[in-house]
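Given next are the chains, with one letter for each unit.
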Amino acid sequence: VFVAMCMFTGCCTESADKTKTPETQRLLTNLTKIAEQGFLFGHHDDPMYGITWYLDDDRSDVKSVCGDYPAIFSFDLGKIEYGADSNLDKVPFERMRHEIVNHFERGGVVTLSWHVGNPVTGSDSWDVSDKNVVETILPGGKNHDTFSHWLDNVADFINACQTTNGTKVPIIFRPYHENSGHWFWWGRPYCTAEQYQQLWQMTYNKMQEKGATNILYAYSPQDLIDTNDYLERYPGDAIIDILGVDQYRFTSADDYATKLNTDLQVLEALSKTHNKAIALTETGYECIPDSVWWTQSLMSIIEQYPISYVVVWRNAVNRPNHYYVPYPGQASEQDFVNFYNNPKTFFAKDLKQAMYK
Ligand code: BMA
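What you see is a predicted model, and the numbers here were worked out from it, not measured in a lab. (Residues numbered from 1 in each chain as written. Predicted model: local features only at pLDDT ≥ 70, side-chain atom pairs only at ≥ 80, totals over all residues. Heavy atoms only, no water.)

## Considering the packing of aromatic side chains
When we look at a pair of aromatic rings, we describe it by the centre distance and by the angle of the planes.
Step number 1: This structure, assessed with the given rule, holds 39 aromatic pairs.
Step number 2: Both rings, one in Phe-147 and one in Trp-185, keep their centres 6.1 Å apart while their planes meet at 90°; by these two values the pair is edge-to-face. Here Phe-147 is found in helix H6 (residues 144-160), whereas its partner Trp-185 is found in the loop between strand E6 (171-175) and helix H7 (193-209), with 38 residues between them in sequence.
Step number 3: The exposure class assigned to Phe-147 is buried, which follows from its relative accessible area of 0%.
Step number 4: Summarising the aromatic geometry, the rings of Tyr-196 and Tyr-219 are spaced 6.2 Å apart at their centres and angled 55° between planes, so their arrangement reads as tilted. (Phe/Tyr/Trp six-rings, centres within 6.5 Å; stacked < 30°, edge-to-face > 60°. Helix = DSSP H or I, 4+ residues; strand = E, 2+ residues; numbered from the N terminus. Buried < 20%, exposed > 50% of the residue type's maximum accessible area, 1.4 Å probe, protein only.)

Have a look at this one:
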């Protein structure tokens, strides 16, 4: 696998956005290139906790099964807005920052989502009791100052993700996700397309103003219909670097295949017209009851599309039956090893420094 990666060195065109750090620009270029050969595998909260363990050192359910960390670590900033020490899933932010820097140093890639609280009620992302939250946080709105301070907290954290010699770690930031649904306060029923786009613009402006130049921005609605539908709320090519989609397997294998094929066809078409990297930003089959899900279901679909990465969700320690990667003894363990061994899947050891050269 690593031999194939050598074509990455010295051949990369830089992104046009000179406001991004060199490492961040190179990551974007390399994400696009890697799609010609395969994709990075990612897991949410991978080194933080898993089945029966919490905040151990150097531990990961993925590593326990295949001997390697995922290429991508995904974490969530939810509760950073309130100045909390730990996020909504009890991950301490200091530990997160440490794992982010460590992962960058081993050549890995980091993505951050943000299950941001509700600035009207003080509750969480899922509180949709007030139908006009977005409007109140835009410039001129009564909660604008509060939300602006929340964005400061995000920018401060992202800026603080630095190596000891001061290199800022590139971060794929993916806020306001699954906005085509109705379960988050930024969802489609609760704001106009224009308001949603203004929320992104305001967020982007704040990150720029705070000098958070180590960010690639990913947009990820779920259950795509067609390109027009995707573009309706799209924040725009000037902001977004990666076109994403979230898709879970909730019902049958056929239903998942139909939906995921539609999603990825839409992204593939847009990747050509918008010249952007594409990714399956969240997916998974809760509890993975199908022992060959990795190779027969997930792989057989996604290998047909030029995606840069796929991220599966967390192995919750605090919620029984809420896990998305195998642990030793789990039904899909062997199939996951087969998936790992497929030359199209990239994990941490495959990368070395290839994503940043
Ligand atoms: C959801 C679930 C929740 C979790 C949230 C943020 O999909 O996993 O338990 O709090 O993501 O990570």
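And the narrative resumes.
## Points about the site of the ligand
Step number 1: All residues adjacent to the ligand are Leu-88, Asp-89, His-115, Trp-126, Trp-313, Arg-314, Arg-319 and His-322.
Step number 2: Within the side chain of Asp-89, an N or O atom sits 2.6 Å from an oxygen atom of the ligand.
Step number 3: One nitrogen or oxygen atom from the side chain of Arg-314 is found 2.7 Å from an oxygen atom belonging to the ligand.
Step number 4: When the ligand sits alone it has 310 Å² of accessible area, and the protein chains cover 81% of it.
Step number 5: A class-by-class count of the residues in the shell around the ligand yields three nonpolar, two polar and three charged. (Near = heavy atom within 4 Å. Polar contact = N/O pair within 3.5 Å; in protein donor to acceptor, adjacent residues only side chain to side chain. Areas by Shrake-Rupley, 256 points an atom, 1.4 Å probe, with all protein chains shown as cover. Nonpolar A, V, L, I, M, F, W, Y, C, P; charged D, E, K, R; others polar.)

## Considering the confidence of the model for the protein
Step number 1: Residue-level pLDDT values for the protein average 95, and 95% of them are 70 or greater.
Step number 2: Segment residues 1-16 is flagged for pLDDT under 50; beyond a separation of four residues in sequence, or across chains, it makes 35 contacts in the model. (pLDDT = per-residue confidence, 0-100. Contact = heavy atoms within 4.5 Å.)

## Quick notes on the pairing of E6
Step number 1: The element E6 is extensively covered by neighbouring structure, given that five of its five residues are classed as buried.
Step number 2: Side-chain alternation along E6 places Ile-171, Phe-173 and Pro-175 on one buried face and Ile-172 and Arg-174 on a second face that is also buried.
Step number 3: Pairing of E6 with strand E7 (residues 215-219) involves three bridges; the strand directions are parallel. Looking at E7, one finds that Phe-173 is bridged to Tyr-217.
Step number 4: Handedness of the β-α-β unit built from E6, H7 and E7 comes out right-handed. (Pairing = 2+ DSSP bridges. Right-handed = clockwise from strand over helix to strand, strands pointing away.)

## Focus on the pairing of strand E8 (residues 242-248)
Step number 1: Within E8, seven of the seven residues are buried, which leaves the element mostly enclosed by the surrounding structure.
Step number 2: The side-chain alternation of E8 yields two buried faces, one formed by Ile-242, Gly-244, Asp-246 and Tyr-248 and the other by Leu-243, Val-245 and Gln-247.
Step number 3: Note: E8 against strand E9 (residues 277-284), seven bridges, orientation parallel. Each residue of the ladder has a partner; that of Val-245, found in E9, is Leu-280.
Step number 4: Handedness of the crossover joining E8 and E9 through helix H9 (residues 253-274) is recorded here as right-handed.

## Considering the packing of helix H10 (residues 293-302) against helix H11 (residues 333-341)
Step number 1: H11 packs onto H10 with a crossing angle of 50° between their chain directions and a minimal axis gap of 8 Å. Here H11 runs oblique to H10, going by the angle between their axes. Two secondary-structure elements touch here, H10 through Trp-293, Trp-294, Thr-295, Leu-298 and Met-299 and H11 through Asp-335, Phe-336, Asn-338 and Phe-339.
Step number 2: Of the residues assigned to the contact of H10 with H11, the class counts are six nonpolar, two polar and one charged. (Axes fitted to C-alpha atoms, helices over the stretch in contact; angles between N-to-C directions. Parallel < 35°, antiparallel > 145°, perpendicular 65-115°, else oblique.)

## Focus on the pattern of salt bridges
If charged atoms from side chains of opposite charge come close, those side chains can pair.
Step number 1: Inspection of every chain in the model, using the stated rule, returns 17 salt bridges.
Step number 2: Asp-89 is the salt-bridge partner of Arg-314, the closest N and O atoms lying 3.5 Å from each other. Separated by 225 residues along the polypeptide, Arg-314 in the loop between strand E10 (309-312) and H11 and Asp-89 in the loop between strand E4 (72-76) and helix H4 (93-105) bring together distant segments of the chain. With respect to class, Arg-314 is no different from Asp-89; both count as buried.
Step number 3: The partner of Lys-344 in a salt bridge is Glu-303, with the nearest N and O atoms 3.2 Å apart. Linking Lys-344 in the loop between H11 and strand E11 (345-346) with Glu-303 in the loop between H10 and E10, this pair joins segments that are 41 residues apart in sequence.
Step number 4: The class for Glu-303 is partly exposed, based on a relative accessible area of 37%.
Step number 5: A single network of salt bridges, built from pairs that share partners, joins Asp-152, Asp-156, Lys-206, Glu-209 and Lys-210. (Salt bridge = Lys/Arg side-chain N within 4 Å of Asp/Glu carboxyl O.)

## Considerations on the environment of Lys-63
Step number 1: Structurally, Lys-63 can be placed in helix H3 (residues 61-66).
Step number 2: Sequence separation between Lys-63 and Ala-348 is 285 residues; the distance between their C-alpha atoms is 10.0 Å.
Step number 3: Look past the residues within four positions of Lys-63 in its chain and what remains in contact with it is Asp-58, Asp-68 and Tyr-69.

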